[in-house]
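Residues per chain, in single letters:
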Amino acid sequence: MATKTYAGQAVEVNEEGYMTDASQWNKEIASELAKEDGIDLTDKHFEVLEFLRAANEKGETLTIRRVGKSGIVDIKGLYQLFPGGPLKFSSKFAGIPKPASCI
Amino acid sequence: MSTTNESPLKKVCIICAKGTIEDVYATLVMANGAVMEGMEAKVFFTFFGLDAITKKQMKRIKTATVGNPAMRAPGGLPFPTILGMIPGVEAGVSAMMKSQMYKLDIPPVDEFLEMITAGGGEIYACKLAMDMFKLEKEDLHEEVKGVLTIGDFYGKCGGDNTQIIFT
């Protein structure tokens, strides 16, 4: 557990860099988190992040299949938005816990 | 972030030679898990594993109810092998396995193959087994990239931090 500063705000993150309090999240923080992993967030990215945040709040199990069926982006598109980690990066930038999912 | 001297895995090459639900899905989950983590994944289906990528068979894969000592009835009750021999039992057990998986958002085989290739994974069929089972490229699902000899497949398994996994 550590406190880091993103977008001028103190943010609690775990050892893998995932935010531990989803309510601290805002778009500026997301953009800075994404920049650390070399990704510039666009509106399309934010649509995915909002979807993940809403699903997480409802306590749903998150999988790339769920995102692929969300109507926002297909799985191929999801890989293009978040290269090298469609679920691990998107959930990180969404300020939610890393999904414990193998799919 | 914890520090470690290990260099991360970069590529997994998975060989699937069996056509049961558990062998096929173990292969698919490992391949999909690799691409989701940003690794390369190459999958080689051979012998009965070809059922998983053969259009006619891929929706019909089953779990063996005979010769499977880990097989138990729901609730953990013993499942005598002799029951597994009764016609329809294998189909029923397999349907139950699949329904449990779908509840966990594990997709059917064809969709799983599409998920893997969407992430850049590659699916291959074994030439020798194709010849043995008298199969043609047209009999295979569209996501299959090619029919290879094992030598050709090994040729794709090079590079540092690559592992070959046989299911």
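Reading the values: the criteria
- For every chain, the first residue of the written sequence is number 1, and numbering continues from 1 along that sequence.
- Written order determines the labels here, with chains lettered from A and ligands numbered from 1.
- With the structure being a predicted model, the display of local features is reserved for residues of pLDDT at least 70 and the display and counting of side-chain atom pairs for 80 or more, all residues being used for whole-chain, interface and lining totals.
- No hydrogens and no water enter the side-chain calculation; it runs on all heavy atoms of the structure.
- Numbering of helices and strands runs from the N terminus; a helix is a DSSP stretch of H or I covering at least four residues, while a strand is a stretch of E covering at least two.
- Exposed residues in this analysis have more than 50% of their type's maximum accessible area, buried residues have under 20%, and partly exposed residues fall in between, with area computed by a 1.4 Å probe over protein chains only.
- Computed with a 1.4 Å probe, the accessible areas rest on the Shrake-Rupley method; for each residue, only the protein chains presented here act as cover.
- In this tally Asp and Glu are treated as negative and Lys and Arg as positive; neither His nor the chain ends contributes.
- Every charge is mapped to an atom, namely NZ of Lys, CZ of Arg, CG of Asp or CD of Glu.
- Note on ring pairs: Phe, Tyr and Trp rings are taken, using the six-membered ring of Trp, and paired if centres are within 6.5 Å. Classes follow the plane angle, with under 30 degrees stacked, over 60 edge-to-face and the rest tilted.
- Throughout, an axis means a line fitted to C-alpha atoms (over the contacting stretch in the case of helices), and angles, computed between N-to-C directions, take values from 0 to 180 degrees.
- To sort the angles, those under 35 degrees are grouped as roughly parallel, those over 145 as roughly antiparallel, those from 65 to 115 as roughly perpendicular, and the leftovers as oblique.
- For any pair of crossing helices, the crossing counts as left-handed if the nearer helix is rotated counterclockwise from the farther one by less than a right angle, and right-handed if it is rotated clockwise.
- Any pair of residues with heavy atoms lying within 4.5 Å of one another is described as a contacting pair.
- Within 3.5 Å is the distance limit for a polar contact, defined as a pair of N or O atoms, with the added protein rule that one can donate a hydrogen and the other accept it, and that residues adjacent in sequence qualify only through two side-chain atoms.
- Take the accessible area each of two parts loses on contact, using a 1.4 Å probe, and add the two losses: that sum is the buried area.
- For this analysis, a salt bridge means a side-chain nitrogen from Lys or Arg found within 4 Å of a carboxyl oxygen belonging to Asp or Glu.
- Residue polarity follows a fixed list, in which Ala, Val, Leu, Ile, Met, Phe, Trp, Tyr, Cys and Pro are nonpolar, Asp, Glu, Lys and Arg are charged, and the others, Gly among them, are polar.

Caption draft 1: Structural detail: the overall build of chain A. A tally of regular secondary structure across chain A gives 5 helices and 2 strands. Seen in sequence order, chain A has helices and strands lined up from the N terminus as β-β-α-α-α-α-α. Along the first, second and third principal axes, the C-alpha atoms of chain A reach 35 × 25 × 20 Å. The buried share of chain A, reckoned over its 103 residues, is 48%. Just so you have it, chain A exposes about 5,000 Å², and 47% of that area is on carbon and sulfur atoms. Here chain A carries 13 positive and 15 negative side-chain charges, and the mean point of each set is 8 Å from the other.

Caption draft 2: View of the packing of aromatic side chains. All names here are of chain A. The final tally for this structure, using the stated rule, is 6 aromatic pairs over all chains. The interplanar angle of 45° and the centroid separation of 6.0 Å between the aromatic rings of Phe82 and Phe93 together place this pair among those described as tilted. Placement of the pair is Phe82 in the loop between α4 (75-81) and α5 (88-93) and Phe93 in helix α5, with a sequence separation of 11 residues. For the pair formed by Phe82 and Phe93, the shared burial category is buried.

Caption draft 3: Region of interest: the packing of helix α1 (residues 21-36) of chain B against helix α4 (residues 109-118) of chain B. All names here are of chain B. It is the contact of α1 with α4, at a shortest axis distance of 9 Å, that shows an interaxial angle of 25°. It follows from the interaxial angle that α1 and α4 lie roughly parallel. α4 is crossed by α1, and the crossing has left-handed handedness. Residues Val24, Tyr25, Leu28, Val29, Ala31, Asn32 and Val35 of α1 form the contact with α4, whose participating residues are Val109, Phe112, Leu113, Met115 and Ile116.

Caption draft 4: Examining the side chain of Thr167 of chain B more closely. Residues and elements named next belong to chain B. Its location among the elements puts Thr167 in the segment after β5 (162-166). In this structure the side chain of Thr167 is engaged in a polar contact, spanning 3.2 Å, whose partner is the side chain of Thr27. Discounting chain neighbours no more than four positions away, the residues touching Thr167 are Ile14, Ile15, Cys16, Ala17, Lys18, Asp23, Thr27 and Met30.

Caption draft 5: Region of interest: the interface of chain A and chain B. Facing 17 residues of chain A, the contacting portion of chain B comprises 18 residues. Of the roughly 1,400 Å² buried where chain A meets chain B, counting both sides, 58% is carbon and sulfur surface. Its largest share of buried area at the contact with chain B, chain A owes to Arg65, Tyr79 and Ile103 of chain A, together 45% of the area lost on that side. Applying the counting rule to chain A against chain B returns 4 salt bridges. The shortest N-O distance in the salt bridge between Arg65 of chain A and Asp105 of chain B comes to 3.1 Å. Put simply, the parts of the chain that give the side of chain A that touches chain B at least two residues each are α3 (64-68) and α4 of chain A. Here the side of chain A that touches chain B is built from residues that sort into 7 nonpolar, 3 polar and 7 charged.

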